Amino acid sequence: MEQEQELITRLISQDTKDSAFRELLQLYKERLYWHIRHIVKSHDDADDVLQNTFIKVYKSIDKFKGDSKLYSWMYRIATNESITHLNRNAKRMQLSSEAYQEYSITNLKADVYFEGDEIQLKLQKAIATLPEKQQLVFNMKYFEDIKYKDMAEILDTSEGALKASYHIAVKKIEAYLTHD
């Protein structure tokens, strides 16, 4: 936590902002990429959203209040940027967000960066059937192993509600995978 505070101080100072930001990129780029990738599915979209996330972090770091962990704040920005990206693409293609998600998963097979097999593809299809909040909670817990306490900060929701969402999501995914 002390290191994080020192990094924040360097990020806010105009003299050290650029070098501190490069350090921030190194620390969080891969974790945020995978968080975003689980939401938007495609590698190219994940790269675009990651870039937008870091631009927003760079421009807004002086507004960071410190009432949450820095990575929680950045995850919240990444999550919001991902959802905005999905909604914008769905609107541009004149699809519902559910139809756009189906389209994204169908295109996963063509994504040269997707290394999953048929089982992974089926899991992605099952996840896509969940409501948005349950998708987020499932992805963060299952793929990223984020603690409920940290998830509560990122998603601004109680730990109890997150545990319930995850439990319901798991049941729905199990039902989808065993009945499809």
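Preceding block: the structure.
Computed from a predicted model, the values in this text were never measured in an experiment.

Caption draft 1: Up close: the overall build of the protein. Each helix and strand counted, the protein has 9 helices and 0 strands in total. For the protein, the N- to C-terminal ordering of α and β elements is α-α-α-α-α-α-α-α-α. The C-alpha atoms of the protein give 17 Å as radius of gyration, which agrees with the globular expectation for 180 residues (16 Å, within 12%). Per-residue burial over the protein gives 46% buried out of 180 residues. Intrachain contacts of the protein at a sequence separation of at least 6 include 59% that bridge at least 24 residues. Taken as a whole, the protein presents about 10,400 Å² of accessible surface, with 50% of it coming from carbon and sulfur. In the protein, 26 side chains carry a positive charge and 29 a negative one; their mean positions are 3 Å apart.

Caption draft 2: How the structure looks around the nonpolar core. Membership of the largest hydrophobic core comes to 48 residues, with the highest contact counts inside it found for Leu24 and Leu70. Secondary-structure elements contributing two or more residues to this core are α1 (2–12), α2 (17–40), α3 (43–60), α4 (70–92), α6 (118–128), α7 (132–142), α8 (148–155) and α9 (159–179). The biggest single contributor to this core is α4, with 10 residues. With residues up to four places along the chain from it excluded, the contact list for leucine 70 reads Glu4, Leu7, Ile8, Leu11, Leu24, Ile61 and Phe64.

Caption draft 3: Broad picture of the packing of aromatic side chains. Using the criterion set out here, one finds 10 aromatic pairs in the structure. Geometrically, the ring pair formed by phenylalanine 64 and tryptophan 73 is tilted, given 5.1 Å between the ring centres and 55° between the ring planes. Since its relative accessible area comes to 15%, tryptophan 73 is described here as buried. Note on phenylalanine 138 and tyrosine 142: the rings are 4.9 Å apart at their centroids and 15° apart in plane angle, and the pair reads as stacked. Here phenylalanine 138 pairs with tyrosine 142, and both are found in helix α7, just 4 residues apart, close to one helical turn. For phenylalanine 138, a relative accessible area of 4% translates into the label buried. On the accessibility criterion, tyrosine 142 (45% relative accessible area) is partly exposed. A network of ring pairs unites the aromatic residues Phe138, Tyr142, Phe143, Tyr148 and Tyr166 as a single cluster.

Caption draft 4: Structural detail: α1. For α1, the set of buried residues is Glu4, Leu7, Ile8, Arg10 and Leu11. Around the axis of α1, the buried residues are gathered within 165° of arc, so they sit on the same side. On its buried face, α1 sits against α2 and α4.

Caption draft 5: Just the pattern of salt bridges, in detail. For the coordinates displayed, the defined rule picks out 5 salt bridges. Among the ionic pairs, arginine 10 bridges to glutamate 6, the shortest N-O distance being 3.6 Å. Taken together, the positions of arginine 10 and glutamate 6, both in helix α1 and 4 residues apart, correspond to about one turn of that helix. Taking the relative accessible area as the measure of exposure, arginine 10 reaches 19% and is therefore buried. Residue classification places glutamate 6 among the partly exposed positions, given a relative accessible area of 41%. Its salt-bridge partner being aspartate 150, residue lysine 69 comes within 3.0 Å of it at the nearest N-O pair.

Caption draft 6: Here's a closer look at the environment of valine 49. Here valine 49 is to be found in helix α3. Sequence separation of valine 49 and glutamate 81 is 32 residues, and the distance between their C-alpha atoms is 6.3 Å. Setting aside its immediate chain neighbours within four residues, valine 49 contacts Ile36, Val40, Ala78, Glu81, Ser82 and His85.

Caption draft 7: Just a nonpolar patch on the surface, in detail. Together, Met93, Leu95 and Tyr103 line one region of the surface with nonpolar side chains, adding up to about 230 Å² of accessible area. Mapped onto the elements, leucine 95 comes out in the loop between α4 and α5 (97–108). Look at leucine 95 and you get partly exposed, because its relative accessible area is 32%.

About the cut-offs
- Residues numbered from 1 in each chain as written.
- Predicted model: local features only at pLDDT ≥ 70, side-chain atom pairs only at ≥ 80, totals over all residues.
- Heavy atoms only, no water.
- Helix = DSSP H or I, 4+ residues; strand = E, 2+ residues; numbered from the N terminus.
- Rg over C-alpha atoms; globule rule 2.2 N^0.38 Å.
- Buried < 20%, exposed > 50% of the residue type's maximum accessible area, 1.4 Å probe, protein only.
- Contact = heavy atoms within 4.5 Å.
- Areas by Shrake-Rupley, 256 points an atom, 1.4 Å probe, with all protein chains shown as cover.
- Lys, Arg positive; Asp, Glu negative; His and termini not counted.
- Charge placed at Lys NZ, Arg CZ, Asp CG, Glu CD.
- Core = buried A, V, L, I, M, F, W, Y, C linked by side-chain atoms within 4.5 Å.
- Phe/Tyr/Trp six-rings, centres within 6.5 Å; stacked < 30°, edge-to-face > 60°.
- Arc of directions from axis to C-beta.
- Salt bridge = Lys/Arg side-chain N within 4 Å of Asp/Glu carboxyl O.
- Patch = residues over 30% accessible without salt bridge, like charges linked within 9 Å, V, L, I, M, F, W, Y side chains within 5 Å.

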